[in-house]
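Structure at a glance
Read off the chains here:
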Amino acid sequence: MTEKEQGPLDVVFEQINEASKTMKLKSSVQTLLSHPKRKVEVSFPVEMDDGHMQLFKGYRTQHNDLLGPFKGGIRFHPSMSLEESQALGTWMTFKCALVQIPHGGAKGGVACDPSILSDRELRQVSRGYVEAFSDLFGPGRDVPAPDVYTDPKTMGIMMDTYSRLQAGMKRELLQENLL
């Protein structure tokens, strides 16, 4: 595989290997940095404006929480994948550690093209993602943030969904998603 064909995870592994050699890290530390604590892939349905049901793939990688709760963005992009989620979550761990933010790294997203989705469809994708990962999110556990093609409005919808789920309103959310 040439450099141009490398995926983001290949780059992460090269960086970890190079840093491990330079810093003379124990192999156990290198192993820990090379593997996320958790990576999850889900599928969730969204009823589209034309009435058909579409399945979307969602991803979340929680890389390392040694320094504190996970934190990291959620992106909506057609090329989003579990591999990209893992690479970005690893880099988030390093960024937090380097600037001494007491959080661990995480990253996630949905494989979708937000430019072709209506506002209602984007709202339902946002809600579906949070419903799928609600058991991972929360203060002291994993704090999501905006990233590529997500914004304060998206995060507001996600926070509303999370809050409603915490209040036991799953049935109402499911009905709203399907109406």
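Our subject in this report is the structure included herewith. (Residues numbered from 1 in each chain as written. Predicted model: local features only at pLDDT ≥ 70, side-chain atom pairs only at ≥ 80, totals over all residues. Heavy atoms only, no water.)

A count of helices and strands for the protein gives six helices and five strands. Secondary structure elements of the protein occur, N-terminal to C-terminal, as α-α-β-β-β-α-β-α-β-α-α. Whereas a compact globule of 179 residues would reach a radius of gyration of roughly 16 Å, the protein reaches 17 Å, a difference of no more than 12%. Taken along the three principal axes of its C-alpha coordinates, the protein extends 55 × 40 × 25 Å. (Helix = DSSP H or I, 4+ residues; strand = E, 2+ residues; numbered from the N terminus. Rg over C-alpha atoms; globule rule 2.2 N^0.38 Å.)

So, about the pairing of strand β3 (residues 70–77). Within β3, six of the eight residues are buried, which leaves the element mostly enclosed by the surrounding structure. Where β3 lies against strand β4 (residues 104–111), six bridges are found, and the strand directions are parallel. Each residue of the ladder has a partner; that of arginine 75, found in β4, is glycine 109. Note on the crossover from β3 through helix α3 (residues 82–98) to β4: the handedness is right-handed. (Buried < 20%, exposed > 50% of the residue type's maximum accessible area, 1.4 Å probe, protein only. Pairing = 2+ DSSP bridges. Right-handed = clockwise from strand over helix to strand, strands pointing away.)

Turning to its location among the elements, isoleucine 157 is positioned in helix α5 (residues 152–166). According to the relative accessible area criterion, isoleucine 157 is buried, its value standing at 15%. Taking the C-alpha atoms as reference points, isoleucine 157 and lysine 71, separated by 86 residues in sequence, lie 18 Å from one another. Beyond its immediate sequence surroundings of up to four residues, isoleucine 157 is in contact with Arg123, Ser126 and Arg127. (Contact = heavy atoms within 4.5 Å.)

Quick look at the pattern of salt bridges now. Two side chains with opposite charge may pair up if their charged atoms get near one another. For the structure shown, the criterion picks out nine salt bridges. Residues aspartate 65 and lysine 37 are paired through a salt bridge, measuring 3.1 Å at the closest nitrogen-oxygen approach. In this pair, aspartate 65 is assigned in the loop between β2 (53–64) and β3 and lysine 37 in the loop between α2 (27–34) and β1 (38–47), connecting sequence segments 28 residues apart. A relative accessible area of 30% means that aspartate 65 is categorised as partly exposed. Between aspartate 160 and arginine 127 there is a salt bridge, and its shortest N-O distance comes to 2.9 Å. (Salt bridge = Lys/Arg side-chain N within 4 Å of Asp/Glu carboxyl O.)

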